[in-house]
Amino acid sequence: MLTTPLWVLVTHKQLTEKQVGVMRIAISIYNERGIGGFFDSLSMNLLMCIFPVVRQVSLDLVLRLYVIDDQSQVAVAASLSSIIATVVTYPLQKARVMLQSGETPPKVSSIWHYLYDGVTFKVLDTCLKTFILFLVKEHSSSILCVLEV
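Residues numbered from 1 in each chain as written. Predicted model: local features only at pLDDT ≥ 70, side-chain atom pairs only at ≥ 80, totals over all residues. Heavy atoms only, no water.

(A) Focus on the packing of aromatic side chains. Going through the model one piece at a time under the given rule, you end up with one aromatic pair. Geometrically, the ring pair formed by tyrosine 90 and tyrosine 116 is stacked, given 6.4 Å between the ring centres and 25° between the ring planes. With tyrosine 90 in helix α5 (residues 71-101) and tyrosine 116 in the loop between α6 (111-115) and α7 (119-148), this residue pair connects regions lying 26 residues apart in the sequence. (Phe/Tyr/Trp six-rings, centres within 6.5 Å; stacked < 30°, edge-to-face > 60°. Helix = DSSP H or I, 4+ residues; strand = E, 2+ residues; numbered from the N terminus.)

Below is the structure:
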């Protein structure tokens, strides 16, 4: 909740085509929408808390369904769970950016096309980050276990 104004400023800074300082962006937001403008996407940010929940539930389910023999398989399972969580929460991420930027959705033939436009790159980004994170975590854990013995 406390970082929502920072996220609003970062989003506006990323969407601004010309070089504008953060203070100028903050003043602009305040002049246009008042102090509430810094909290436009608070409800979406709170909803985005479901991402780690969906990811963990998916991971637990995958780990229960399949026998995992080594660290790389755990990393693959974690990546799969991140893909599921990304696909589930991507429309919320798009709506949050839209709220923070003050953008109105374009007229499109399909709301699904608009909500999932760009999801492929987000899935790739999330999947790679998760795979690397879990691979490093699992290898670090095995090294630490060896050092403790």
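(B) Examining the layout of surface pockets more closely. Within this model, the largest pocket holds a volume of roughly 170 Å³. Considering the residues around the largest pocket, the lining is formed by Met48, Phe51, Arg55, Gln93, Arg96, Lys122, Asp125, Thr126, Lys129 and Thr130. Counting only elements with at least two residues in the lining of the largest pocket, the list comes to α4 (50-65), α5 and α7. Element by element, the count of residues in the lining of the largest pocket is highest for α7, at five residues. (1 Å grid on protein atoms, 1.4 Å probe; cavity = no way out; pocket = protein on both sides within 12 Å on 5 of 7 lines; lining within 4 Å. Points joined across faces, edges and corners; volume = space filled by probe spheres on them.)

(C) Representation of a nonpolar patch on the surface. On the surface, a cluster of nonpolar side chains totalling about 470 Å² of accessible area is made up of Ile50, Val53, Val57, Leu80, Ile84 and Val88. Contributions of two or more residues to the nonpolar patch are made by α4 and α5. Topologically, valine 57 is positioned in helix α4. (Patch = residues over 30% accessible without salt bridge, like charges linked within 9 Å, V, L, I, M, F, W, Y side chains within 5 Å. Areas by Shrake-Rupley, 256 points an atom, 1.4 Å probe, with all protein chains shown as cover. Salt bridge = Lys/Arg side-chain N within 4 Å of Asp/Glu carboxyl O.)

(D) Broad picture of the environment of threonine 130. Looking at the element boundaries, threonine 130 is found in helix α7. Separated by 52 residues in the primary sequence, threonine 130 and alanine 78 place their C-alpha atoms 6.5 Å from one another. Here threonine 130 is in contact with Ala78, Ser79 and Ser82, once residues within four sequence places are set aside. (Contact = heavy atoms within 4.5 Å.)

(E) Spotlight on helix α1 (residues 4-15). For α1, with 12 residues, the first-to-last C-alpha span of 17 Å sits near the 16 Å given by 1.5 Å per residue. Buried residues of α1: Thr4, Pro5, Val8, Leu9, Thr11 and His12, and no others. Looking down the long axis of α1, one finds its buried residues gathered within 165° of arc, a one-sided arrangement. Exposed side of α1, more than 90 degrees from the buried face: Leu6 and Gln14 are the residues found there. (Expected span 1.5 Å × (residues − 1). Buried < 20%, exposed > 50% of the residue type's maximum accessible area, 1.4 Å probe, protein only. Arc of directions from axis to C-beta.)

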